[in-house]
Amino acid sequence: MSTIQERVEEKQEDRFVINDDAKADWALEKLRDLKGAKKKKEELAEKRKMMIDSWLEEESSKLDNEIEFFEGLLTEYAMKLKEENKDLKTHSLPFGKLKFRKQNPKWNYDEEKLLRFLKITGIDAIKVKEQIDKQALKNIVKVVGNKAIHPETGEIIEGVEIEEREEKFSIDV
């Protein structure tokens, strides 16, 4: 009877190992084929999604027209009720409510004109968003170990730590 360790070692011995350029090239070809097969499946799925999206859009459009029709009829009816009772806020029915609510005024802005006016007149209603220019910081500081150092004072710059990373491996097929 073999132990688990022996079975693991046996499986590791049986597994495919790339130990020369011919096997590596075969594995790259296999990888390219697998990625191609995956892409074909993704393309098929995308076509099916487009068909379903198209069907849903068509069906929704039909229903939206009917919804719009009934909302129009209910709006006409609610307006008639409002003419009869100027103080009407809510008209309750078993399957829903017809409501009237006062709205706050809507402000429409021409950002460019308004910003210019606020700057000229000195009205304090402009937000200034501060953010770090990370590239400029990298160009200015000295790096010592995993710390960023102020080049003139030698002071450690708080709030940044540099993390060394290993080489990144990638496969192109």
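The numbering scheme is per chain: residues are counted from 1 as the chain's sequence reads. Residues qualify for local features only when their pLDDT is at least 70, as the model is predicted, and side-chain atom pairs are given and counted only at 80 or more; totals for whole chains, interfaces and linings, by contrast, use all residues. Side-chain calculation: all heavy atoms of the structure are included, whereas hydrogens and water are not.

Notes on the pairing of strand E1 (residues 90–93)
What counts is decided by this rule: For two strands to be treated as a pair, DSSP must find no fewer than two bridges joining them. Elements are defined by DSSP. Helices are runs of H or I of four residues or more, strands are runs of E of two residues or more, and each kind is numbered from the N terminus.
Across four bridges, E1 lies against strand E2 (residues 96–99) in antiparallel orientation. Looking across to E2, one finds that leucine 93 is bridged to glycine 96. Counted between consecutive antiparallel strands, the loop separating E1 from E2 contains two residues.

Remarks on the confidence of the model for the protein
Note: predicted coordinates in regions of low pLDDT should not be interpreted at a detailed level. Note the following rule: Confidence scores labelled pLDDT are given residue by residue by the predictor and lie between 0 and 100.
Here the protein averages 92 in pLDDT, while 92% of its residues score no lower than 70. Taken element by element, the protein is modelled with least confidence in helix H1 (residues 4–14), mean pLDDT 66, and with most confidence in helix H2 (residues 21–84), mean pLDDT 97.

Details of the packing of aromatic side chains
Rule in force here: Only the six-membered ring of Trp is used, alongside the rings of Phe and Tyr, when aromatic pairs are assigned; centres must lie within 6.5 Å, and planes under 30 degrees apart are stacked while those over 60 apart are edge-to-face, with the rest tilted. For a lysine, the NZ atom is tested; for an arginine, the CZ atom; a charge sits over a ring if that atom is within 6 Å of the ring centre and within 35 degrees of the ring normal.
Taken as a whole and judged by the stated rule, the model has three aromatic pairs. Note on tryptophan 107 and tyrosine 109: the rings are 6.2 Å apart at their centroids and 40° apart in plane angle, and the pair reads as tilted. The residue whose ring lies beneath lysine 82 is phenylalanine 100, and the NZ or CZ to ring-centre distance is 5.0 Å.

A look at the pattern of salt bridges
Quick reminder of the rule: Salt bridges are identified by distance alone: a Lys or Arg side-chain nitrogen within 4 Å of an Asp or Glu carboxyl oxygen. Classification of residues uses two cut-offs on accessible area relative to the type maximum, computed with a 1.4 Å probe and protein chains only: under 20% is buried, over 50% is exposed, and between them is partly exposed.
Here the structure, examined in full by the defined rule, presents three salt bridges. One salt bridge in this structure joins aspartate 33 and arginine 32, with 3.9 Å as the shortest N-O distance. In this structure aspartate 33 comes out as partly exposed when scored by relative accessible area, which is 44%. Its relative accessible area of 47% is what places arginine 32 among the partly exposed residues.

Overview of the nonpolar core
Note the threshold: The term nonpolar core refers to a set of buried residues drawn from Ala, Val, Leu, Ile, Met, Phe, Trp, Tyr and Cys, joined through side-chain atoms within 4.5 Å. Note on contacts: a residue pair is in contact if any heavy atoms of the two residues lie within 4.5 Å.
Residues Ala78, Leu81, Leu88, Leu98 and Phe100 constitute the largest nonpolar core, which totals five residues. Among all residues touching leucine 88, those that are not within four sequence positions of it are Leu81, Lys82 and Phe100.

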